[in-house]
Structure formats: C-alpha cells, structure tokens
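Chains, contacts and geometry: an overview
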Amino acid sequence: MCLNTLCPHIQIASARLMRLAVTGIASALLVAATVQASVRHEPEPVVANDNTRPAGRVAGDTATIRLRAAAGHWQPEGLDGPVLTIDAFGEEGAALTVPAPLIRVAEGVSIAVSIRNDLTTPLRVHGLCARDGGACPPVDVQPGTTGSVRFDSGRPGTYHYWATSMGSPIPFRELAGALVVDPAGHAPDRDRIFVITEWNSLTPAQLGEILRADDLSERFLAIRPQLTFVINGLSWPTTERLTYRRSEVVRWRVINLTSQTHPMHLHGFYFTVLREGDGRRDEPVGGSEGRRVVTHVLPSGGTMSLQWTPEREGNWLFHCHIMAHVSLARRLGAGASHDAHQQHQHGDPSLGMAGMVLGITVLPARNALPAADRPETTPRQLTMTVGRGADDAQGKPTMGFAISEAKTPEADNQVSSPGPPLVLRRGEPVEITVVNRLAEPTSIHWHGLEIESYYDGVHGWSGMGPTTAPMIEPDRSFVVRITPPRAGTFIYHTHLHDYRQLSSGLYGPLIVTEPGESYDPAVDHVMVLGRRDASEAAGILADATSVVVNGERMPRWVWRANERHRIRLINITPDDILTVSLIKEDAVVQWRPLTKDGAPVPSAESEPVPARVKIAVGETYDFEYDAPPGRGMVWLDVRSTSGKWQVQGQVFVK
Ligand SMILES: [Cu+2]
C-alpha cells in the first residue's frame, strides 16, 4: 500500500525498474568518481519557472533550445526558506529553473535541443522525441560534454521531459519540465501550465543503497529523509496566487513529474477533464463531454488538460487530497516544527498545509450587474454538533457528529463516528449551525458542494478580502448557509490537515436529493471509506491503522432481493487509493455507473460494467446494482492498489 513517504521507494523497487535503477546509479557513481576533478561548478541560484514563457527561439520551422544542467541552490519555500542544493536545468545564458524550461511549439515544428552537462555525473534525459507513437530512447550526456537531439513535434498535446543524474527510472527529482505541442494554425490557448515536482533529501549514494536493499522500507525509515512536493517550483504558501474574474473560462494543463499519484481536488467548483496522457500520448477523456469532477487522479508521469468556470467570488484552493502530500510535515523550513497547534494559530498563512496547494481568488466579473435580491425563503434549520464520541473497542477516543432538525442542539445529542448522512435537498436553502463541543478547534469543509466561498470551511482563507471564515473554537458555533444546486453524493469533513481529527471520525456522507425525493436507506446505501487511528510522525504514517467502511472493519448490510439498489461510495481516508469490488460466488457482479463526485458520468460510460472501481481520497462514485431474486450473499471487497486486503463487508440479499 502506498500510504506515505515510502511510496517512491516501493514503486521504484518493482523488479524491472529496480535493475535499471541500480545499473544506472552504479555507473553514475563510477563515472562521477573519475571526472569529478575536471568538472566543478559552484551551485548557482535556481529560480521558480511559472511556465508562461517558452524556451529557445523559433526560426522558420525549427525551434532551437539550448539547455544546460548544473548544480543549483533552490529555495522552494521562498527567500526565507531553507536552501537546497539540487541538479537543475536552465537555458544557456539564463538562470537554472525548477521546473525545467518550458518547451512549447506548434505542431509540425522541428525541435533541436542541445544539452550541456555541467554536473559531475552523467545525465540521462527522457522525453526528447516526437510524439508520433514511435519509441523514445533516452539521451545520455557525459559530464563536461554537450549532447544534442532533433525531433519533430508530433501530435498536439501536453507532454513532459525529464532527466536524472541519479539513475532513477521514473521522474524523481527536479530535472523535469513541460513539453507542449499546440495545434498547427491555432494561437496557443490562454492556458496555464502547472508542473508538479518532488524533492527529497536522499543523496545518490543513499538512494542506491535503498534500491539495492531487500528491506528497503526499514532502510528508508532509518534514514527518514525530508520530502516535499511543489507546483511550478514553489511550495505552499509560497506558490503562485491565481486571480480570475467571475465567469471567465480557466484552462489548465497539469503535469505530474513526481514518483507519486496525486488526487487533485478543486474547492467550490467542478472542473472538466478534457484530455489526459502519460507524457508520450495525450487523448480525449469521456468522449465529447469530458469528465466533470471535483477530484481527478493524476498518476506518476501523468498529464491532464482541464477547464472550469469560476461562478462564485472569493478564495478557493486546488490541492492534492492525500494528507501526507500537503501536511505541514512537507514544510522544510520553520515548519519542521509542524505541531498540530501551529495550524490553529490565527493569521498563519499556511492554513495548516504545505507543498502542492494553489490559492485562487475569484474577483467580480468586469461588467458585473448588482446581484439580484434573492427571493425571501425561510431556510431549513439544522444543527450539526461536533463532539467526542464513545471510546472505540480499543479504548481509543473518537470524534463525530450529531445532526438535528432544529436551530439549537439537543442537550443529550449523541455523536456518531463517523458522522451520519447529512441529507439536503437540491434548491432548498439550509442554515446549518455547526456547534463545536470538542476541547479543540475545528473547521468543516463541504467537499464537492458548489457553495459560497465564506462557508467552504478553510479557516483564515474562505471568504473574500478581510472577511475570511474563522476557526470554530471550542464551545463556539458557525452558521453555514447552503443552497445545493445539484443532487448527488458529497462529503463533509474536517479541513484541519490533521490525521487525528480525520481518523477519529470527523467525516461523514453528504447526500443531496432531488426535490420531492426522499433518501431511502433501504435501497440507497452509503459506503464511506475511512481510516481509523492514523497519525503522522516525522512524515511517516503510523502502521497500526486500519481502513474502515462506515466506521466498521467488517460492515454488514441486508438488502432486498429482486430490487434496484443505489450504492454511494465515498473515500475520505487520509491517504488511500483503494480498489472496491462487489463479488458474488467468486465472480465480480455487474453495476451501472451513475455519477462521479455527484456529476453524471459521460453517457459513453453509463453502461453496466464489472463492479470494480479504483477510488482515491476525495472521490465519490454512485452505482446502480440490481439485486437478483432469491437469497444470496454479495461481498464488498476493499483492497489497496497493491492488492492487499483491507476490508471485507457482507451484503445479505433476501
Ligand atoms: Cu498527492
């Protein structure tokens, strides 16, 4: 299971890649030893590359790009942050950059790239080849020499190139950048390109030792390297702040040049994934419609092109939903003291997060008319009490929620952990008074809901200008106003990036029904994947934790035979990507995909398929399952992506 900072190493250790890596590193170290005396450059400053300016120059139908690789000093957390010594690319005559210089040409242009290696180690460069379906051999450049390569653009799309001075078989460090081919005859989109890269404190020698070891996990634990993920060379809260006008169309290309998978989540709005790729190919997604999501999984080496329209003003976030990738443990500088209390401090610009997070501010439209007065309707009143639950079977404290249909909480409110379904109706205004009965502050995010910024649940950020939402302190309350515009399956959860709060049960399902429909738990089944007892120490997720469904290790349901059932699957574990299947008599049954993140799936994908889905943290999926007549048993099988069994639930059909 890829839960934590061990992941790069587990991934690299797959047998085929391992051989490659080890030979690469061995030869790298050998050559470095012999040439070190002849090539030595002082590290130079590295600047962040916002990917708005293509490298090189175009003359006729040829783009000429002159790259160099050298040692640099990089400050991903800004000038007050720590200085990292890294290998980086730059253009000849310009500063080194992270990510590497942007290669962007029109389709049909021939690309001539030279690569001067000012490092003391050989460099292997991947991805400098035509995107035409052919092979893409790497280019090796010895220290102190210049290599060159010339290739045609190939097909339009979002691609990448990357290099390693450590013999890594996958993009692993900072020598990596975007390669974009625009369609011939079209001016480039007014888009933005975001390249996610990763850094860790391993030296090539340490990496080589870990890759060669059988007990690589233990070795990694023994070294405990620092690790961080950055967007366009910077770590939150230093990442670029994006500003858009309401109703303007936003187009992004996102490229994952890390060893990890990242489920990328946008607050407050759907985005439509139009294309995705792996660096070599780039293909349309979901037919002509694209795929409407609030979270999209970007695998290692993966790319996506997406579009969204900010319809509401205020502050929003786009971030990886894996807590280990955005927790304060990813902060390298002052935040090395990443105790939970730090994120509770008012005015802390980190919001308790670090690494791969982008902040977005949506301003009013240029010629905005004053907002029309909303019709006077009395909102439905709900109270959501956040409190301490009963201790679990191991005697550990839990946290949870109680929801009541009134403006004031009932005195004897018993919280359930995780929280009960919060059922709202499309188009019906509701006021939820969130009452904090914990001994610590919290803040609740309404994941996937198209909501006003102020109520989005990111304390110190949600809102606009000086008016941002407060943390909900103990014995205080916060009134949230929501009018859900869409029926579907969503999530409420603590937005403190705190393993303890989340894995103690501060999450629950949020269901929006169509007006006039009611939520019928006899045929409408919520399955919330969570994790119990998770905690993070020095960036390593403790092992003694378990995946649970609706809070249970062995959940059970009784479903009516010969009836159509709706399954609402939610993953709100801290860090997991899980494979969920429905199995009957050793065979996967059929189900019909209905929605992803609350939005209908593309019509081409709504046919019955085998009941197996990979679901990452921050995703929801709805399926329809027709229970056959007669008695029977269906198993809910939940596994990690490596196939390790996590939860087995029983569905009694009768
Ligand atoms: Cu991530």
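Preceding this paragraph is the structure being described.
The structure contained in this document is the topic of the report that follows. (Residues numbered from 1 in each chain as written. Predicted model: local features only at pLDDT ≥ 70, side-chain atom pairs only at ≥ 80, totals over all residues. Heavy atoms only, no water.)

1. Regarding the overall build of the protein chain
- Assigned secondary structure in the protein chain consists of 6 helices and 49 strands.
- The buried share of the protein chain, reckoned over its 654 residues, is 58%.
- Restricting to contacts in the protein chain with at least 6 residues of sequence separation, those with at least 24 account for 76%. (Helix = DSSP H or I, 4+ residues; strand = E, 2+ residues; numbered from the N terminus. Buried < 20%, exposed > 50% of the residue type's maximum accessible area, 1.4 Å probe, protein only. Contact = heavy atoms within 4.5 Å.)

2. Some words on the pairing of strand β13 (residues 192-200)
- Counted residue by residue, β13 has 9 buried out of 9 residues, so it is predominantly covered.
- Note: β13 against strand β16 (residues 250-256), 5 bridges, orientation parallel. Counted as the bridge partner of V195 is I255 from β16.
- Relative to strand β14 (residues 227-231), β13 runs antiparallel, the two being bridged by 5 bridges. Counterpart to E198 in the pairing with β14 is F229. (Pairing = 2+ DSSP bridges.)

3. Here's the deal with the coordination of the copper ion
- The coordination sphere of the copper ion contains the protein donors H262 (ND1), C320 (SG) and H325 (ND1), at a distance range of 2.0 to 2.1 Å.
- Look at where the donors of the copper ion fall in the sequence and you get H-x57-C-x4-H. Taken together, the residues H262 in strand β17 (residues 262-266) and H325 in helix α5 (residues 323-326) connect sequence positions 63 residues apart.
- Classification of H325 by relative accessible area gives buried; the value is 5%. (Donors = N, O, S within 2.8 Å, 3.2 Å for Na, K, Ca; no water.)

4. Concerning the state of the cysteines
- Here the structure, examined in full by the defined rule, presents 1 disulfide.
- What pairs with C129 in a disulfide is C136, and their sulfur atoms sit 1.9 Å apart. Measuring the twist about the S-S bond at about -95°, one finds the C129-C136 disulfide to be left-handed. (Disulfide = S-S within 2.5 Å.)

5. Quick word on the sheet that holds strand β33 (residues 488-494)
- Sheet architecture is open: 4 strands sit in the order β27-β34-β33-β29, paired in mixed fashion. Lying at the two open borders of the sheet, with one neighbouring strand each, are β27 (422-425) and β29 (444-447). Looking at each pair of strands side by side, their axes are set apart by 25° on average, direction ignored.
- Here β33 pairs with strand β34 (residues 507-513) via 6 bridges, running antiparallel. Bridge pairing in β34 places T489 opposite I511. (Axes fitted to C-alpha atoms, helices over the stretch in contact; angles between N-to-C directions.)

6. Structural notes on the environment of G157
- Within the secondary structure, G157 sits in strand β11 (residues 157-164).
- With 26 residues separating them along the chain, G157 and P183 place their C-alpha atoms 8.0 Å apart.
- Here G157 is in contact with L179, V180, V181, R253 and D282, once residues within four sequence places are set aside.

7. Some details on the pattern of salt bridges
- This structure, assessed with the given rule, holds 38 salt bridges.
- D182 serves as the salt-bridge partner of R104, at 2.9 Å between the closest nitrogen and oxygen. With a gap of 78 residues between them, R104 in strand β6 (residues 100-106) and D182 in strand β12 (residues 176-182) connect regions that are remote in the sequence. Each of the two residues, R104 as well as D182, counts as buried. (Salt bridge = Lys/Arg side-chain N within 4 Å of Asp/Glu carboxyl O.)

8. Topic: the nonpolar core
- By size, the foremost hydrophobic cluster in this structure holds 81 residues, and its most contacted members are W252, F318, I360, I432 and W446.
- Residues in contact with W446, not counting those within four places in the same chain, are M384, L422, I432, V434, I451, Y455, D456, V480, I482, I491, Y492 and L510. (Core = buried A, V, L, I, M, F, W, Y, C linked by side-chain atoms within 4.5 Å.)

9. Considerations on the sheet that holds strand β26 (residues 398-404)
- Spatial ordering of the open sheet is given by β26-β25-β28-β32, a layout of 4 strands whose pairing is mixed. Either end of the sheet is taken by a strand with one partner, and the two such strands are β26 and β32 (477-482). This sheet shows a mean twist of 20° between the axes of neighbouring strands, independent of strand direction.
- Bridge count between strand β25 (residues 380-389) and β26: 7 bridges; the pairing is antiparallel. Note that in β26 the partner of T383 across the bridge is S404.

What is shown is where atoms sit, not what they do.
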